[in-house]
Amino acid sequence: MNCISSKKFVDAYLDGELEAGMMLEIETHLESCEECAGVLCLKRDMKTELAKRGNAAAPEHLRRQIEMISSGSPRVWWQRPVVAAPVAAAAAFMLLMWSHSTPQTTLPKDEVALLVQDVVDRHVRELPMEIQNANQNTAASWFQGKIDFPVRPLGTGIRNATFQGARVSNVRENQAAQMVYRVDGKKVTFMVFPANQLAIQGGDLLTVRGKQILTGRRNGYNVALAKDGDMIYAVSSDLPIKRLVSLLVNRK
Amino acid sequence: MEHLDSLYASALKMTRNQVEAEELVQDTFVRAFRFKKNFEWGTNLKAWLFRILTNTFINDYRHKKHEQRYIERAAVEPLYDQVLNQQAVKYASNPENHVFSKYFKEKLDSALEELPDDFRTVVVLSDVEGFSYKEISEILETPMGTVMSRLHRGRKLLQHGLVDYAVEAGVIAPPSVGDKSDEQQSTTDLSEFRRKREATP
Ligand SMILES: [Zn+2]
């Protein structure tokens, strides 16, 4: 065996994945080649060092969350805090029921993934607002005549939220109303668009207080979508997904 | 809670971020319970959970950012190979006093973070988790040959990262022109490459 083959197979040798004949061949080369022996030594010590990284323990709160996920099976009830609002202290826990009716092997469905991607793209792009310095109801009526469906804003039931501006946009070839808020100090993009033939199923579908919410994640941003009548309401932000779900659920 | 620590440790290495690692593990368990009908008892539960973890990571968590340092190194890879082979000989003769021993503690995690997702994932599954090639091939639904070549390349790139840190710190000398008579290496050398890199904004 020469140096080129030896360097190619030294990983498999180190991992004990070579058959006996090859192992003998490579060992014969290693006895006479200082460089390949050095490469093996360095790789072996690096592997030993990397194995120590596997000892990281999961944090206790994560362990508890996972235990809750598993304890409710086969119907999984998942309890977790939504908003740490003192007013809503009594309602600080929300029951999320994970829909269990249609098991799928691949997630998310292509159409859902594209929808999520589109909403995130609109959120990330810093396009100028067409209406600013207005309240959200004025902005909602501003859309009349510009797009052919009525727009309802997030409403005033959301804590720590201020309205920033609005513009006409589109999602997956559909006209969309885009409204930007700041919630808990983070930018939140709220999109309203007609459901048309868009399939709102697959993906991570959950039912919260009777509303079906679909969640997704792209490029580090979270997305939550709700179908209400013929319309889809979507929010995107780098806020936690549970906060985005609460925005849709508490929408007036 | 079986395998939770392992899944978390790998999620941490894959996402490079504690918050995302926790979300990734949660997503993994939610899906695992939802699809538990698909799990065949008697087969490898840990590998099955890791398959869900890596699928979820690839679909929902992968950031499309460029690994700038890695791309720059890839352009002059033969030079890094040359330095790496020389240093490997020095390392083997006296590991404790070689800079890599120190870097295993201090720099290995950063070097791992700089690897592109595909290579980092395979290195994590093999070296951090100790999965066999066959298991990794099942987890990633990728042919065994691809697993082997990604692992080989991933480890090499990881070591190139260590070389880079050492050259930058002035601990390892960059190779000079004519150091070896390989004609592909005679036109550029590492210090020239560095000067160029610093000159570009
Ligand atoms: Zn050799």
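Rules behind the numbers
- Counting of residues starts from 1 at the beginning of each chain's written sequence and follows it residue by residue.
- Key to labels: chains lettered from A, ligands numbered from 1, both in the order written.
- Restriction of local features to residues with pLDDT of at least 70 applies here, the model being predicted, together with a cutoff of 80 or more for giving and counting side-chain atom pairs; totals for whole chains, interfaces and linings are based on all residues.
- The side-chain values count all of the structure's non-hydrogen atoms but skip hydrogen atoms and water molecules.
- What counts as a helix is a DSSP run of H or I of at least four residues, what counts as a strand is a run of E of at least two, and both are numbered from the N terminus.
- For each residue, the accessible area found with a 1.4 Å probe, counting protein chains only, is set against the maximum for its type, and the residue is called buried under 20%, exposed over 50%, and partly exposed in between.
- Residue contacts follow a heavy-atom distance rule, with two residues in contact if any of their heavy atoms lie within 4.5 Å.
- Each accessible area is a Shrake-Rupley result for a 1.4 Å probe, and residues are judged covered by the shown protein chains and nothing else.
- When two components associate, each loses some accessible surface as probed by a 1.4 Å sphere; the sum of these losses over both components is called the buried area.
- Put simply, a salt bridge is a Lys or Arg side-chain nitrogen that is within 4 Å of an Asp or Glu carboxyl oxygen.
- Polar contact is the term for a pair of N or O atoms within 3.5 Å; when the atoms are in protein, one must be able to donate a hydrogen and the other to accept it, and sequence-neighboring residues count only if both atoms are side-chain atoms.
- When residues are grouped by polarity, Ala, Val, Leu, Ile, Met, Phe, Trp, Tyr, Cys and Pro land in nonpolar, Asp, Glu, Lys and Arg in charged, and all others, Gly among them, in polar.
- Distances decide who is a donor: an N, O or S atom must be within 2.8 Å of the metal, or within 3.2 Å for Na, K and Ca. Water is not included, so sites may look incomplete.
- Note on geometry labels: four donors, all angles 85 to 135 degrees, give tetrahedral; four donors become square planar and six octahedral when opposite donors are over 155 degrees apart and every other angle is between 65 and 115; remaining cases are irregular.
- Each nonpolar core is a collection of buried residues, namely Ala, Val, Leu, Ile, Met, Phe, Trp, Tyr and Cys, held together in the definition by side-chain atoms within 4.5 Å.
- Ring pairs are drawn from Phe, Tyr and Trp, using the six-membered ring of Trp, whenever the two centres fall within 6.5 Å, and their geometry is named by plane angle: stacked under 30 degrees, edge-to-face over 60, tilted for the rest.
- Expected helix span is computed as 1.5 Å times (number of residues minus one).
- Between N-to-C directions, angles span 0 to 180 degrees; the directions come from axes that are lines fitted to C-alpha atoms, helices contributing only their stretch in contact.
- Roughly parallel here means an angle under 35 degrees, roughly antiparallel means over 145, roughly perpendicular means 65 to 115, and every remaining angle is called oblique.
- For two strands to be treated as a pair, DSSP must find at least two bridges joining them.

Visitor: What is the right way to read the overall build of chain B from this model?
Guide: Scanning chain B for helices and strands turns up eleven helices and zero strands. The N-to-C order of helical and strand elements in chain B reads α-α-α-α-α-α-α-α-α-α-α. Taking all 201 residues of chain B together, the buried fraction comes to 55%. The long-range fraction of contacts in chain B, counting pairs at least 24 apart against all pairs at least 6 apart in sequence, stands at 72%. On chain B, roughly 9100 Å² of surface is accessible, and the fraction owed to carbon and sulfur atoms is 50%.

Visitor: What exactly am I supposed to notice about unusual backbone geometry here?
Guide: Note on backbone geometry: most residues besides glycine have negative phi, and most peptide bonds are trans. Residues and elements named next belong to chain A. Within the chain, Asn160 stands out as a residue other than glycine whose phi angle is a positive 55°. Within the secondary structure layout, Asn160 lies in the loop between α6 (136-142) and β4 (161-171). Among the residues examined, Asn160 registers a relative accessible area of 51% and is labelled exposed.

Visitor: Quick question: what am I supposed to make of the interface of chain B and chain A here?
Guide: A common way to report how large an interface is uses the accessible area buried once the components associate. Taken together, the contact between chain B and chain A spans 51 residues of the former and 54 residues of the latter. For the pair chain B and chain A, the summed buried surface comes to about 5000 Å²; carbon and sulfur atoms form 60% of the total. The largest per-residue losses of area from chain B upon contact with chain A belong to Gln26, Arg34 and Arg155 of chain B, which jointly make up 13% of the total buried on that side. If you look at where chain B meets chain A, you find six salt bridges. Across the contact surface, chain B and chain A share 17 residue pairs in polar contact (both at pLDDT 80 or more). Contributing elements (two or more residues each) for the side of chain B that touches chain A: α1 (4-15), α2 (18-34), α3 (45-61), α5 (77-93), α6 (99-106), α7 (108-113), α8 (117-128) and α10 (144-168) of chain B. Counting residues per element, the side of chain B that touches chain A draws most heavily on α2 of chain B, which supplies ten residues. Across the side of chain B that touches chain A, the residue classes tally to 26 nonpolar, nine polar and 16 charged.

Visitor: Help me understand the coordination of the zinc ion in this model?
Guide: For a metal bound by four donors in tetrahedral geometry, the ideal donor-metal-donor angle is 109.5 degrees, whereas six donors in octahedral geometry ideally sit at 90 or 180 degrees. All names here are of chain A. Donor atoms from the polypeptide that bind the zinc ion are Cys3 (SG), His29 (NE2), Cys33 (SG) and Cys36 (SG), placed at 2.0 to 2.3 Å. Metal-centred angles of 103 to 121° between the four donor atoms at the zinc ion mark the site as tetrahedral. Of note, the zinc ion draws all its donor residues from one chain, in the sequence arrangement C-x25-H-x3-C-x2-C. Of this pair, Cys3 sits in helix α1 (residues 3-14) while Cys33 sits in the loop between α2 (20-32) and α3 (34-52), and the two are 30 residues apart along the sequence. For Cys3, a relative accessible area of 30% gives the class partly exposed. Taking relative accessible area as the criterion, Cys33 reaches 12% and is therefore assigned buried.

Visitor: It is not clear to me how the nonpolar core should be interpreted in this structure. Could you clarify?
Guide: Core analysis: the largest hydrophobic core is formed by 77 residues, its most contacted members being Leu50 of chain A together with Val25, Phe29, Phe100, Phe104 and Leu158 of chain B. If one sorts the elements of this core by residue count, α10 of chain B sits on top with nine residues.

Visitor: Quick question: what am I supposed to make of the packing of aromatic side chains here?
Guide: What describes a pair of aromatic rings is the distance from one ring centre to the other and the angle between the planes of the rings. Under the counting rule described, the total for this entry stands at seven aromatic pairs over all chains. Their ring planes at 15° and their centres at 6.1 Å tell us that Phe190 of chain A and Tyr233 of chain A sit as a pair that is stacked. Taken together, the positions of Phe190 of chain A in strand β6 (residues 186-194) and Tyr233 of chain A in strand β10 (residues 231-237) put the pair 43 residues apart, joining distant regions of the chain. The buried category is assigned to Phe190 of chain A, whose relative accessible area is 0%. Given a relative accessible area of 2%, Tyr233 of chain A falls into the buried group. Taking 4.9 Å as the distance between ring centres and 70° as the angle between the ring planes, the aromatic pair formed by Phe50 of chain B and Phe131 of chain B counts as edge-to-face. With Phe50 of chain B in helix α3 and Phe131 of chain B in the loop between α8 and α9 (133-139), this pair connects stretches of sequence that are 81 residues apart. Given the relative accessible area of 6%, Phe131 of chain B is considered buried. Taken together, the ring pairs in this structure connect Phe163, Tyr181, Phe190 and Tyr233 of chain A into an aromatic cluster.

Visitor: For this particular structure, what's the right way to read the side chain of His98 of chain B?
Guide: Residues and elements named next belong to chain B. For His98, the location among the structural elements is in the loop between α5 and α6. Of note is the side chain of His98, whose polar atom sits 3.0 Å from the backbone nitrogen of Phe100. Setting aside residues no more than four positions away along its own chain, His98 makes contact with Gln87, Lys90 and Tyr91.

Visitor: Honestly, the pattern of salt bridges in this entry has me stumped. Any pointers?
Guide: One side chain can pair with another of opposite charge once the charged atoms of both are near each other. One pass over the full model with this rule turns up 25 salt bridges over all chains. The shortest N-O distance in the salt bridge between Asp15 of chain A and Lys47 of chain A comes to 3.0 Å. Taken together, the residues span a long stretch of sequence, with Asp15 of chain A in the loop between α1 and α2 and Lys47 of chain A in helix α3 at a distance of 32 residues. Accessibility expressed as a relative area gives 17% for Asp15 of chain A, which makes it buried. Where Lys102 of chain B meets Glu106 of chain B, a salt bridge forms, and the shortest distance between an N and an O atom there is 3.7 Å.

Visitor: Would you take a moment to explain α3 of chain B for this structure?
Guide: Counting along an α-helix, one turn takes 3.6 residues, and residues three or four places apart therefore face a common direction. The terminal C-alpha atoms of α3 of chain B, which comprises 17 residues, lie 23 Å apart, in line with the 24 Å expected from a rise of 1.5 Å per residue. Buried positions along α3 of chain B lie against β8 (211-218) of chain A together with α1, α2, α8 and α9 of chain B.

Visitor: How do you make sense of the packing of α3 of chain A against α5 of chain B when you look at a structure like this?
Guide: A pair of packed helices is captured by two measures, namely the crossing angle of their axes and the spacing between those axes. One can describe the packing of α3 of chain A onto α5 of chain B by two numbers: an axis separation of 7 Å at closest approach and a directional angle of 75°. With respect to their mutual orientation, α3 of chain A and α5 of chain B come out roughly perpendicular. Taking contact as the criterion, the partners of Glu34, Glu35, Gly38, Val39, Cys41, Leu42 and Asp45 of chain A in α3 of chain A are, on α5 of chain B, Leu84, Asn85, Ala88, Val89, Tyr91 and Ala92 of chain B. Class assignment of the residues belonging to the contact of α3 of chain A with α5 of chain B gives a composition of eight nonpolar, two polar and three charged.

Visitor: Even after reading the chapter, I still don't get the pairing of strand β5 (residues 174-183) of chain A, so can you show me in this structure?
Guide: A regular strand carries its side chains on alternate faces of the sheet. Residues and elements named next belong to chain A. For β5, a buried count of eight out of ten residues is recorded, marking the element as mostly surrounded by other parts of the structure. When β4 meets β5, the two strands line up antiparallel, connected through ten bridges. The residue bridging Ala166 from the neighbouring strand is Met179, located in β5. One ladder, built from seven bridges, connects β5 with β6; its direction is antiparallel. Bridge pairing links Val183 to Lys186 in β6. Here β5 folds back onto β6 in antiparallel fashion, the turn holding two residues, of which Asp184 has a positive phi close to 50°.

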